[in-house]
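Next come the chains, spelled out residue by residue.
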Amino acid sequence: MATESASGLSDHLRGVTVTTVACLAGIAAALLSAFLPFLGVGVDAATNRLALLVVAAAVFVQIPLLKLLGVAIEDFGIKDNLYVAFMTFTLWFISYGIILSANLQ
């Protein structure tokens, strides 16, 4: 097809794939942050900065996953990398905030 890039994915499918993986990684990072024994969902978990390490790990894990899904990550610029990090952090922040508010202890 003429609309396919060198990676085999159209621009639209590439964008949907990157956005979906980033959002799911953010939600997974929030669930992992909530259920790790040293973080938890208590009052002190809201101020624990170790949860940010979980988000950073989620951002770095996405790169090989995107490559496995057929996205040409070699073409990623700073804008693409910042988008992935922002979407992952945003979904983590919202999801982890909801989990902490629900007081699931």
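Remember, predicted model here, so these are calculated numbers, not experimental data.

Analysis parameters
Residues numbered from 1 in each chain as written. Predicted model: local features only at pLDDT ≥ 70, side-chain atom pairs only at ≥ 80, totals over all residues. Heavy atoms only, no water. Salt bridge = Lys/Arg side-chain N within 4 Å of Asp/Glu carboxyl O. Helix = DSSP H or I, 4+ residues; strand = E, 2+ residues; numbered from the N terminus. 1 Å grid on protein atoms, 1.4 Å probe; cavity = no way out; pocket = protein on both sides within 12 Å on 5 of 7 lines; lining within 4 Å. Points joined across faces, edges and corners; volume = space filled by probe spheres on them. Nonpolar A, V, L, I, M, F, W, Y, C, P; charged D, E, K, R; others polar. Axes fitted to C-alpha atoms, helices over the stretch in contact; angles between N-to-C directions. Parallel < 35°, antiparallel > 145°, perpendicular 65-115°, else oblique. Left-handed = near helix turned anticlockwise from the far one by under 90°. Expected span 1.5 Å × (residues − 1). Buried < 20%, exposed > 50% of the residue type's maximum accessible area, 1.4 Å probe, protein only. Contact = heavy atoms within 4.5 Å. Polar contact = N/O pair within 3.5 Å; in protein donor to acceptor, adjacent residues only side chain to side chain.

Chemist: For this particular structure, what's the right way to read the pattern of salt bridges?
Modeler: In a structure, side chains of opposite charge can pair up when their charged atoms sit close to one another. Within the structure shown, the criterion is met by two salt bridges. Between Asp80 and Arg14 there is a salt bridge, and its shortest N-O distance comes to 3.7 Å. Taken as a pair, Asp80 in helix H3 (residues 78-102) and Arg14 in helix H1 (residues 11-35) lie far apart in primary sequence, 66 residues in all.

Chemist: Just checking my understanding: could you explain the layout of surface pockets for this structure?
Modeler: Estimates place the volume of the largest pocket at around 160 Å³. Lining the largest pocket are 12 residues, and of these Ala46, Trp92, Phe93, Tyr96 and Leu100 lie nearest its centre. Residue composition of the lining of the largest pocket, by class: eight nonpolar, three polar and one charged.

Chemist: Got a minute to help me understand the packing of H1 against H3 in this structure?
Modeler: Packed helix pairs are specified by the crossing angle of their axes together with the interaxial distance, meaning the distance between the axes. At their nearest, the axes of H1 and H3 sit 7 Å apart, and the two run at 40° to each other. In terms of axis orientation, H1 runs oblique to H3. For H1 against H3, the interelement crossing comes out right-handed. Here the contact of H1 with H3 is composed, by residue class, of 16 nonpolar, five polar and two charged.

Chemist: How should I be thinking about H1 in this particular structure?
Modeler: Owing to its 3.6 residues per turn, the α-helix aligns residues three or four sequence positions apart on the same side. Across its 25 residues, H1 extends 36 Å between first and last C-alpha, which sits within 8% of the 36 Å expected from 1.5 Å per residue. All buried positions along H1 are accounted for by Thr17, Val18, Val21, Ala22, Cys23, Ala25, Gly26, Ala29, Ala30, Ser33 and Ala34. If you follow the buried residues of H1, they end up packed against helix H2 (51-68) and H3.

Chemist: Explain the side chain of Ser33 here, please?
Modeler: Tracing the chain through its elements places Ser33 in helix H1. According to the relative accessible area criterion, Ser33 is buried, its value standing at 0%. Side-chain polar atoms of Ser33 contact the side chain of Trp92, separated by 3.2 Å.

Chemist: How should H3 be read in this particular structure?
Modeler: When the terminal C-alpha atoms of H3 are compared, their 36 Å separation across 25 residues agrees well with the 36 Å that a helix rising 1.5 Å per residue should span. Turning to H3, the residues buried within the fold contact H1 and H2.

Chemist: Could you clarify how one ought to interpret the packing of H1 against H2 in this entry?
Modeler: It is at 9 Å that the axes of H1 and H2 come closest, and there the two elements cross at 145°. For H1 against H2, the interelement crossing comes out right-handed. Counting all contacts with H1, which are made through Thr17, Val18, Val21, Ala22, Ala25, Ala29, Leu32 and Ser33, the residues of H2 involved are Ala51, Val54, Val55, Ala58, Gln62, Leu65 and Leu66. Tallied by class, the residues present in the contact of H1 with H2 amount to 12 nonpolar, three polar and no charged.

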